[in-house]
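# Analysis of the macromolecular model
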Amino acid sequence: MSENPYAILFEPVQIGPVTAPNRFYQVPHCNGMGYRLPQSLAAMRGVKAEGGWGVVCTEETEIHYTSDLSPSMEGRLWDDGDIPNMARMTEAVHAHGALAGVELVYSGQHARNFNTRAVAFGVDSFSVPEYFPAQTRMADKEDLRTLRRWHRNAAIRAKQAGFDIIYTYAAHRLSLPMFMLLSRYNTRTDEYGGSLQNRVRFLRELLEDTLEAVGDTCAVALRLAVDELLGEDGLTRDGEGKEIVAMLAELPDLWDVNVSDWSNDSGPSRFMKEGYQEQYISFVKGLTSKPVVGVGRYTSPEAMVSAVQQGVMDLIGSARPSIADPFLPEKIRTGQVEDIRECIGCNICASADNVGVPIRCTQNPTMGEEWRRSWHPERIPAAKKAEKAVLVVGGGPAGLECARALGQRGYQVTLTEARRELGGRVQLEADLPGLQEWRRVADWRLTQIEKLPNVEVYPGSEMTAEDVREAGFEDVIVATGARWRRDGVGRSLRSPIPGHAWKEVYTPDDLMAGADREVAGVNREVAGRLPQGRVVVFDDDHYYMGSVLAELLVGAGCEVTLVTPAPQIALWSQYTLEQPHILRRMKQLGVTMLPNTTLAEIEPGAVRLHNTLHAKDTGWMCDGVVLVTNRISNDGLYRDLRGEVGTTFNSLRVIGDAEAPNIIAQAVFSGHLAAQEFEEDVTGDAPNFRRE
Ligand code: ADP
Ligand code: SF4
């Protein structure tokens, strides 16, 4: 270990009465499994501990049924009946020598209680989230005493379930103790409102209660947002954020500090880079002798070492890097740093929680599948017949992952890619503003493939059906991707936009291609140049592409109008926590944003826009149009060959965008699934995974 330049990361850290075996700390993170899928959840957390995380925490864990976060799937410690489920997780974590932490939460204003139909206590009578027209009841002093009792009892249940670290939660603007701190929410006139001292009172009481109830054997942690990134309108590191830390400095055994809200804490990589929280939290260690954990999407050991050495934090907190690579600590410990599967900061993991389904990850296709499919991020079942040769056509995320995983299983794999560069869409998109980290999807897979002597890669090799037949493989996997439509057909428009053949109409492929890139479906007339002047970007995709291209075009000097039929720009990106950042960026760049608007017609020099709210058409002058609508699978090769299964081929499978266009995470998953299922009979009607 003394030779390891990162040895400092493997030092134990005393946290109150317990000791973390190293500085790798999986902070609480949601996962869409929660109380509903306890076996899946325990297996997922157990894999993190196996991968070397010294502390592994739960997600938000509801302490009482009056703070029910459904339809989100979170942890529950409502009563003793929840203890066995939670104990599954602590056992899975302890089995690998790690500590288990639980984040106790009373959400109050953030709970809609859709399931329980109970009334939540709030600091005041406030609206609950997502425009649902219901309010909390303002907790009176008796209610606050009751709440303290609930929190204390939940802490006792957590201890019984085997947890080593027990949180009080005042972060993300998701919990009553945090609302209590904020003067714009806390308008109380009793001793819990008014001065900061009064607003901190409730949090202090919860900490004292928890210490008294379980502090003999459990560490008591405080998760606090020290800055809301709202400037003077909110809590700031230089203002009350700092004062709160000073007031409670020595009370908790551990400070877990971050920024609020969740879209800032889990900052998307397009807007926030590794270590972005340091500037906000670095003051904390100067005010307390207790250990501090912070986050910042750390994936490089150098940045982690620096954060510790510079006294920013004692423990490297991580949610997303631990999702993308549960074995990150172990890889650093054993000197396999180049094997770290680095998080790309896309927040697809968060989207799963936001839509109430089990967690998934773009980089790690095994995430969330540990129990139900028995997938492991590092291990994979060996090939049944290792001498079997497989051809994978297409080196995008789907093909790369499939070839890598088949290679890991031991098959003889040949991967062909039409273009000179591998990576498919991620290689192209990574050159767009802010998306550099997308490239990691290809880079990690290429690094792994390079180490596999049984995988051969042939870039610059476009294959026709005849080429595939001649190559003589019995088993073929087609991963030929998709291309953007150039006729405007998509979610909103079901027939081509009149005038789409105008020479100044572009697709994202055209803009990404560049002059020297051979990209399927590109209009060679325009490839290598961008539209000029006034450009209308029509976004019927509703994710990141429309706004990213708007940013690219503004950077190239264009005057951009971003048009979308949805009621908001980049609507789906609300689930990946990108949307508020996208709106801010579009505003900063001076992009004109027109929601509730479709493209009715294109003619040289102008478009006709149709506002769907007012049923009104407007002429809009422009020098170019970019259509970000549906995509079309490049499945011609598959279709040409599929009649020959049983004659020319033993098996033929189409995966990724070539099967059906989807997000990058789905392409990676699809490639991994095909590799896992290779030589398996998957023709049954039942799902090929276990259900709880
Ligand atoms: P996915 O997301 O499903 O992996 P991509 O579009 O990112 O899809 O990647 C598909 C890749 O397949 C692209 O790099 C493309 O150049 C390549 N490709 C498409 N058709 C062929 C072909 N006939 N032969 C070899 N490679 C191909
Ligand atoms: Fe990182 Fe994206 Fe995976 Fe989340 S889904 S852990 S942000 S790579």
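The model shown is predicted, which means the values in this text are computed figures rather than measured ones. (Residues numbered from 1 in each chain as written. Chains lettered and ligands numbered in written order. Predicted model: local features only at pLDDT ≥ 70, side-chain atom pairs only at ≥ 80, totals over all residues. Heavy atoms only, no water.)

### Section: helix 21 (residues 664-677)
Its 14 residues place the ends of helix 21 20 Å apart at the C-alpha level, agreeing with the 20 Å of an ideal helix rising 1.5 Å per residue. For helix 21, the buried fraction is high: 13 of the 14 residues fall into the buried class. Phi for Glu-679, located one or two positions after helix 21, is positive at around 70°. (Helix = DSSP H or I, 4+ residues; strand = E, 2+ residues; numbered from the N terminus. Expected span 1.5 Å × (residues − 1). Buried < 20%, exposed > 50% of the residue type's maximum accessible area, 1.4 Å probe, protein only.)

### Comments concerning the pairing of strand 28 (residues 651-654)
Burial of the side chains of strand 28 is restricted to one face: Leu-652 and Val-654 are buried, whereas none of Ser-651 and Arg-653 on the reverse face is. The pairing of strand 17 (residues 475-478) with strand 28 spans four bridges and is classified as parallel. Paired with Ile-477 across the strands is Arg-653, a residue of strand 28. (Pairing = 2+ DSSP bridges.)

### Some remarks on the pairing of strand 21 (residues 559-563)
In terms of burial, strand 21 is a largely internal element, four of the five residues being buried. Two elements, strand 20 (residues 534-539) and strand 21, share five bridges in a ladder whose sense is parallel. Paired with Val-536 across the bridge in strand 21 is Thr-561. In the sheet, strand 21 pairs with strand 22 (residues 592-594) via three bridges, with the strands oriented parallel. Bridging from a neighbouring strand, Thr-561 pairs with Thr-592 of strand 22. A crossover connection joins strand 21 to the parallel strand 22 through helix 19 (residues 579-588); in handedness this β-α-β unit is right-handed. (Right-handed = clockwise from strand over helix to strand, strands pointing away.)

### Side note on the environment of His-151
Among the structural elements, His-151 can be located in helix 3 (residues 141-160). Along the primary structure His-151 and Asn-186 are separated by 35 residues, whereas in three dimensions their C-alpha atoms are 20 Å apart. Non-local contacts of His-151, meaning those with residues more than four positions away in its chain, are made with Ile-63, Leu-104, Tyr-167, Thr-168, Leu-206 and Thr-210. (Contact = heavy atoms within 4.5 Å.)

### Some points on the domain arrangement of the protein chain
According to the domain assignment, the protein chain contains domain 1 (7-354), domain 2 (389-481 + 634-677) and domain 3 (486-632). Each of domain 1 and domain 2 has a C-alpha centre, and the two are 40 Å apart. Counting from both sides, the interface comprises 14 residues of domain 1 and, opposite them, 15 residues of domain 2. Both sides of the domain 1 and domain 2 interface together cover about 1200 Å² of buried area, and 54% of this is carbon and sulfur. (Domains from an automatic or database assignment. Buried area = accessible area lost by both parts, 1.4 Å probe.)

### A short note on the sheet that holds strand 19 (residues 505-506)
The sheet built from five strands is open, its strands ordered 19-26-20-21-22 with parallel pairing. Looking at the sheet topology across the chains shown, the edges are occupied by strand 19 and strand 22.

### Points about the nonpolar core
Residues Leu-9, Phe-163, Ile-166, Leu-224, Trp-255 and Ile-332 are the most contacted members of the largest nonpolar core, which totals 83 residues. Tallying contributions element by element places helix 5 (residues 196-214) first for this core, with eight residues. Look past the residues within four positions of Phe-163 in its chain and what remains in contact with it is Thr-58, Met-86, Met-89, Thr-90, Ala-100, Gly-101, Val-102, Ala-158 and Cys-218. Within the second largest apolar cluster, 66 residues are counted, among which are Val-413, Ala-442, Ile-477 and Leu-562. (Core = buried A, V, L, I, M, F, W, Y, C linked by side-chain atoms within 4.5 Å.)

### Let's talk about the site of ligand 1
Taken together, 22 residues lie around ligand 1, and Ala-398, Glu-417, Arg-425, Met-463 and Asp-657 are the ones closest in. Met-463 places a main-chain nitrogen or oxygen 3.0 Å from a nitrogen atom of ligand 1. Asp-657 places a main-chain nitrogen or oxygen 2.7 Å from an oxygen atom of ligand 1. The fraction of the free accessible surface of ligand 1 (580 Å²) that becomes covered by protein chains is 91%. Grouping the amino acids of the shell around ligand 1 by side-chain chemistry returns eight nonpolar, nine polar and five charged. (Near = heavy atom within 4 Å. Polar contact = N/O pair within 3.5 Å; in protein donor to acceptor, adjacent residues only side chain to side chain. Areas by Shrake-Rupley, 256 points an atom, 1.4 Å probe, with all protein chains shown as cover. Nonpolar A, V, L, I, M, F, W, Y, C, P; charged D, E, K, R; others polar.)

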